[in-house]
Amino acid sequence: MTQYRLHYFPESGNSYKLALMLTLCGQSFDPVWTDFGGGVTRTPQWRATVNVMGEIPVLEDNGEKLTQTAPILLKLAQRYGRFGETSEAERFEILRWLFWDNHKLTGYVASYRYSRAFTSSPDPTVLAHFKRRIDDFLGILDNHLRDRPFAIGDRPSIADISMMAYLSFPGHEAGLDLPASHPAIAAWLGRMAALPGWKAPYDLLPGKRLHCYVPA
Ligand SMILES: N[C@@H](CCC(=O)N[C@@H](CS)C(=O)NCC(=O)O)C(=O)O
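All values derive from a computational prediction rather than experimental measurement.

**With respect to the packing of helix α1 (residues 13-24) against helix α3 (residues 69-80)**
Where α1 meets α3, the closest approach of the two axes is 10 Å, and the angle between their N-to-C directions is 5°. For the element pair α1 / α3, the angle class is roughly parallel. Across the interface between the two elements, Asn14, Lys17, Leu18, Met21 and Leu22 from α1 touch Thr69, Ile72, Leu73 and Leu76 from α3. Taken together, the residues that form the contact of α1 with α3 break down as six nonpolar, two polar and one charged.

Structure below.
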């Protein structure tokens, strides 16, 4: 049986992608809380020994350190025969949304939420720029989900797991009220949360939290 260790911090939606995928596949993992706020991932020692890219999450798979959630999700989907593709066309669709998520949706929502909620004096110009970008991306996703229950069609896939991660944290952190602003996204999040075994981010990622500067 594969032994997993997940290096994470609780506010990390990227970590949640892997924690949720493992959980939905019936797998357990040892949580390795990491002092992201204290700057440990910026240290030369951590980069030399844990992740040369200086990022969380890192998934240890029987001792092998894997990074980048998209290829890890693809690997887990193949290993467990869950949330992957059943045809070449579906594989293309999954990759298309995974790349879009990493570059656009997660890239901007994560940066916006982190600056807004977890730093003491965010630059308003930078925040406004991020917000304009995420409004556009959320609109694109909401449109896409109006005519289909999940990202690639009738069944949930790793593309959904990847894209839902940052949208599953408490709304006040990113200042989002998705049921009011993007009802198709809110309905899709509800369908994902109804999957057997689903758990919310802070239930899967325990431990000391960053100070949150915005009120709940
Ligand atoms: N594309 C990466 C993104 C990972 C990522 O950006 N992680 C954040 C924390 S959730 C991080 O470590 N950021 C550090 C930085 O940007 O310097 C993935 O999917 O694993």
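**Notes on the packing of helix α5 (residues 124-146) against helix α9 (residues 183-193)**
How two helices pack is summed up by the angle between their axes together with the distance between the axes. Where α5 meets α9, the closest approach of the two axes is 7 Å, and the angle between their N-to-C directions is 65°. Judged on the interaxial angle alone, α9 and α5 are roughly perpendicular. Considering how the two elements wind past one another, α5 and α9 form a crossing that is left-handed. Mapping the contact onto sequence places Leu138, Leu141, Asp142, Leu145 and Arg146 in α5 and Ala184, Ile185 and Trp188 in α9. In the contact of α5 with α9, the residues fall into six nonpolar, no polar and two charged.

**A closer look at α5**
The terminal C-alpha atoms of α5, which comprises 23 residues, lie 32 Å apart, in line with the 33 Å expected from a rise of 1.5 Å per residue. Taken together, the buried positions of α5 are Phe130, Ile134, Leu141 and Leu145. Buried positions along α5 lie against α4 (88-118), α6 (158-164) and α9.

Conventions and cut-offs
Residues numbered from 1 in each chain as written. Predicted model: local features only at pLDDT ≥ 70, side-chain atom pairs only at ≥ 80, totals over all residues. Axes fitted to C-alpha atoms, helices over the stretch in contact; angles between N-to-C directions. Helix = DSSP H or I, 4+ residues; strand = E, 2+ residues; numbered from the N terminus. Parallel < 35°, antiparallel > 145°, perpendicular 65-115°, else oblique. Contact = placed C-beta atoms within 7 Å. Nonpolar A, V, L, I, M, F, W, Y, C, P; charged D, E, K, R; others polar. Left-handed = near helix turned anticlockwise from the far one by under 90°. Expected span 1.5 Å × (residues − 1). Buried ≥ 20, exposed ≤ 12 C-beta atoms within 10 Å, placed from the backbone.

All quantities given are derived from atomic positions and should not be read as evidence of function.
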